[in-house]
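As a plain string of letters, each chain reads:
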Amino acid sequence: MNKITEIIIGTNNQGKYKEICDLLPGNIKKYSPKELNIPSPEESGKSFKENSFIKASYFSKKINKICLSDDSGLEIDLLKGKPGIYSSRWAGEKNNFDLAIRKVFMEMDSVKKNWKNENKARFICNMTLYWPDGKTFSSEGHIEGKISAIKKGENGFGYDPIFIPNGYNKTFAEMEPKLKMSIDHRFNAFFKLKKFFI
Ligand code: ITT
């Protein structure tokens, strides 16, 4: 199998972009939608997999190169899986995660007063590789954990300050970025398609 030597990383989220770059081998040529001024498509799918496919095929067709996309989100059991595929949209048009996190706390408070003692949540990531000839490969990864009683830490992005993975007592935002990247949903999804690169 020919290994991939250049790729467009199909995301306009700079937090994700950096993590995906760090997962990929250093010597492959990476194109960024932000640098090429290509806005993201509308995510009209009903699952992480559908949205990940929409992004991969869209960005690949824009520049006629292989695309690796990522559709991800946070599922909270008490909220019946919300915000799920709407994780980005909970932050509003201004991408305000203080707002999204306040919304998580408010909704959890309204469902169960003592959710802080025990709750379950997970991050999911679906990655799709799309080749200009129409070939595709997709994989999914997740990491189980819980929502922290308070927002903590400065690293990472999005919901990182409120997610504590099982087996740790720190939020993703309190962890060294290298540690997060070696255990998270994105790492687990990438692991299943890294054979195309390495
Ligand atoms: P693109 O569509 O351009 O990739 P996006 O931010 O809209 O950017 P998604 O639709 O996949 O991407 O939304 C995923 C949201 O879930 C993202 O905005 C984050 O808030 C959250 N999320 C995903 N992975 C995360 C992580 O590792 N840490 C914290 N939050 C994460």
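Residues numbered from 1 in each chain as written. Predicted model: local features only at pLDDT ≥ 70, side-chain atom pairs only at ≥ 80, totals over all residues. Heavy atoms only, no water.

## So, helix α3 (residues 97–111)
1) Next: For α3, spanning 15 residues, the distance from its first C-alpha to its last is 21 Å, which sits close to the expected 21 Å at 1.5 Å a residue.
2) Next: Along α3, the residues classified as buried are Phe97, Ala100, Ile101, Val104, Phe105 and Met108. One side of α3 carries all its buried residues, which in axial view fall inside an arc of 140 degrees. When the buried face of α3 is taken as reference, the exposed residues oriented beyond 90 degrees from it are Arg102, Met106 and Ser110.
3) Next: Check the buried side of α3 and you find it contacts β3 (67–76) and β5 (136–147). (Helix = DSSP H or I, 4+ residues; strand = E, 2+ residues; numbered from the N terminus. Expected span 1.5 Å × (residues − 1). Buried < 20%, exposed > 50% of the residue type's maximum accessible area, 1.4 Å probe, protein only. Arc of directions from axis to C-beta. Contact = heavy atoms within 4.5 Å.)

## Notes on the environment of Ala56
1) Next: Note on placement: Ala56 falls in helix α2 (residues 48–63).
2) Next: When the C-alpha positions of Ala56 and Asp160 are compared, they lie 24 Å apart, and in sequence the two are 104 residues distant.
3) Next: Ignoring sequence-local partners within four residues, the contact set of Ala56 consists of Cys67, Ser69, Thr128 and Tyr130.

## Section: the pairing of β5
1) Next: Bridge count between strand β4 (residues 121–130) and β5: 10 bridges; the pairing is antiparallel. Pairing of Leu129 across the sheet is with Phe137, part of β5.
2) Next: Where β5 lies against strand β6 (residues 163–165), three bridges are found, and the strand directions are antiparallel. By the bridge assignment for β6, Ile147 is matched with Phe163. (Pairing = 2+ DSSP bridges.)

## Describing the pairing of strand β1 (residues 6–10)
1) Next: Taken across its five residues, β1 has four buried, putting it largely inside the fold.
2) Next: Where β1 and strand β2 (residues 29–31) come together, three bridges link them in parallel fashion. The residue bridging Glu6 from the neighbouring strand is Lys29, located in β2.
3) Next: Note that the unit made of β1, helix α1 (residues 14–23) and β2 has a crossover that is right-handed.
4) Next: Both β1 and β3 contribute to a ladder of three bridges, which runs parallel. Pairing of Ile8 across the sheet is with Cys67, part of β3. (Right-handed = clockwise from strand over helix to strand, strands pointing away.)

The values are spatial; any link to function lies outside them.
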